[in-house]
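Secondary and tertiary structure notes
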Amino acid sequence: MFPFLPLLNKGLQFITRRQHLITIVFLFVLTTILPILGDRDIFELSSGYSCIWLMVMYVFGAYFKLYGIPKFAHPLACLGIFLAATTVAWAQKVGFIPIGEAGVLIGYTSPRMVVMALSLLWLFARVNVRGKVCGFVITHLGKATFGVFLVHVG
C-alpha cells in the first residue's frame, strides 16, 4: 500500500469535498454491499487483509482528516450505534440471529464493521487528551495496533 500513498494523496488533493464524499459512498457500496449481494469477494479483499482494502480505508480516513467529523456524529449517538452493531454481531456470531453465513456480516469488510469503525473513530476523535504521558502512550499504542495487523497478514 505504501508505494501508492503519494498517488492517493495527489488524487485526493485535486477533488472537491463533494467528489470525495461521492467516492467514499461509491467505495462503501462497491466493497461492502456488493460482495454480500453477489455472495462473493469480488475484489479479493480477503476479509480486510488486503492492500486494496487498506487503500479504501485510507480514502475514508483522508475525508475525515481533511473535512473533520460530521456534526451529526454526537458522541452518545456514536456510542449507541457501536453498541447496537456490536450486540447484533455478537448475537449473530453465537447463533441467536441466524442471518446467512456469519462471516459475511462480521468480517472486517462487512458494512456493519465499517459502521462500527466509523462510530468509534467519531467517538474518540472528540476525546481531548491532556498530558504528555497519555499522549505518548496513545500514540505508541496506535502504532502497535498496526503492527498487530501486519503480523496477522503475514
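Residues numbered from 1 in each chain as written. Predicted model: local features only at pLDDT ≥ 70, side-chain atom pairs only at ≥ 80, totals over all residues. Heavy atoms only, no water.

**A few points about the overall build of the chain**
Put simply, the rule is: Numbering of helices and strands runs from the N terminus, with a helix taken as a DSSP run of H or I at least four residues long and a strand as a DSSP run of E at least two residues long. Accessibility here uses a 1.4 Å probe with only protein chains present; expressed as a share of the type maximum, an area under 20% marks a residue as buried, one over 50% as exposed, and anything in between as partly exposed. In this analysis, two residues are considered to be in contact whenever any of their non-hydrogen atoms come within 4.5 Å of each other. Where accessible areas are quoted, they stem from the Shrake-Rupley method and a 1.4 Å probe; at the residue level, only the protein chains shown are allowed to cover. Only four residue types enter the charge count, namely Lys and Arg as positive and Asp and Glu as negative; His and the chain termini do not. For charged residues, the charge sits on one atom: NZ in Lys, CZ in Arg, CG in Asp, CD in Glu.
Looking only at helices and strands, the chain has seven helices and zero strands in total. The C-alpha extent of the chain, read off along each of the three principal axes, is 45 × 35 × 35 Å. Here the chain, with 154 residues, has 26% of them falling under the buried criterion. Of all intrachain contacts in the chain linking residues separated by at least 6 positions in sequence, the fraction that spans at least 24 positions is 72%. If you sum the accessible surface of the chain, you get close to 10400 Å²; carbon and sulfur atoms cover 72% of it. Looking at the chain, you have 12 positive and 4 negative side-chain charges, and the mean spots of the two groups are 27 Å apart.

**Structural notes on the environment of Leu123**
Assignment of secondary structure puts Leu123 in helix α6 (residues 111–125). A residue is classified by how much of its surface remains accessible, and Leu123, at 18% relative accessible area, is buried. If we skip the residues at most four places from it in the chain, Leu123 touches Pro75, Cys78 and Leu79.

**Overview of the layout of surface pockets**
Threshold: Only protein atoms enter the 1 Å grid used here, on which a cavity is any set of points holding a 1.4 Å probe that cannot leave and a pocket is any open set flanked by protein within 12 Å on both sides along at least five of seven lines; residues with an atom within 4 Å of a point are listed as lining. Grid points are joined across faces, edges and corners, and a volume is the space filled by probe spheres set on the points. Under the convention adopted here, Pro, Cys and the residues Ala, Val, Leu, Ile, Met, Phe, Trp and Tyr are nonpolar, Asp, Glu, Lys and Arg are charged, and Gly plus all remaining residues are polar.
Here the largest pocket defines a volume of roughly 1400 Å³. Leu54, Met57, Ala117, Leu121 and Thr145 are, among the 35 residues lining the largest pocket, the residues nearest its centre. Top contributing element to the lining of the largest pocket by residue count: helix α3 (residues 51–67), with 10 residues. Its residues placed into classes, the lining of the largest pocket shows 27 nonpolar, seven polar and one charged.

**Description of helix α4 (residues 75–93)**
Using the following cut-off: Helix span, expected: 1.5 Å multiplied by one less than the number of residues in the helix.
With 19 residues, α4 should cover 27 Å at 1.5 Å per step; its first-to-last C-alpha distance of 27 Å lies within 8% of that length. All of the buried residues along α4 are Cys78, Ala85, Ala89, Ala91 and Gln92. The positive-phi residue at the C-terminal boundary of α4 is Gly95, with phi of around 100°.

**Description of helix α2 (residues 17–38)**
Applicable threshold: Throughout, the bend at a residue refers to the angle made by two axes, fitted to the seven residues ending there and to the seven starting there.
Between its terminal C-alpha atoms α2 stretches 30 Å, which fits the 32 Å expected from 22 residues at 1.5 Å a residue. Along α2, the helix axis deviates most sharply at Leu30, where the bend reaches about 30°. Along α2, the residues that are buried comprise His20, Ile24, Leu27, Thr31, Thr32 and Pro35. On its buried face, α2 sits against α1 (5–13), α3 and α6.

**Brief notes about a nonpolar patch on the surface**
Defined as follows: Patches here: salt-bridge-free residues with over 30% relative accessible area, like charges joined within 9 Å, nonpolar side chains (Val, Leu, Ile, Met, Phe, Trp, Tyr) joined within 5 Å. One speaks of a salt bridge when a side-chain nitrogen belonging to Lys or Arg is within 4 Å of a carboxyl oxygen belonging to Asp or Glu.
Residues Leu21, Val25, Val29, Leu34, Leu37, Ile42, Phe43 and Ile52 make up a contiguous nonpolar surface patch of roughly 640 Å² in combined accessible area. By residue number, the principal contributor to the nonpolar patch is α2, which donates five residues. Among the structural elements, Ile52 can be located in helix α3. On the basis of relative accessibility, which here comes to 40%, the residue Ile52 falls in the partly exposed class.

**Quick notes on the packing of aromatic side chains**
Convention followed: The aromatic pairing rule takes the rings of Phe, Tyr and Trp, using the six-membered ring of Trp, and pairs them if the centres are within 6.5 Å, calling planes under 30 degrees apart stacked, those over 60 edge-to-face and the rest tilted.
The full count for this structure, using the stated rule, is three aromatic pairs. Seen from their ring centres, Tyr63 and Phe64 are 5.5 Å apart, and the 90° between their planes marks the pair as edge-to-face. Pair check on accessibility: Tyr63 and Phe64 agree, each one buried. With 5.0 Å between their ring centres and 50° between their planes, Tyr63 and Tyr67 make a pair best called tilted. In this pair, Tyr63 and Tyr67 both sit in helix α3, four residues apart, roughly one turn of the helix. Assessed through its relative accessible area of 25%, Tyr67 is described here as partly exposed.

**Looking at the side chain of His20**
Position of His20 among the secondary structure elements: in helix α2. Assessed through its relative accessible area of 0%, His20 is described here as buried.

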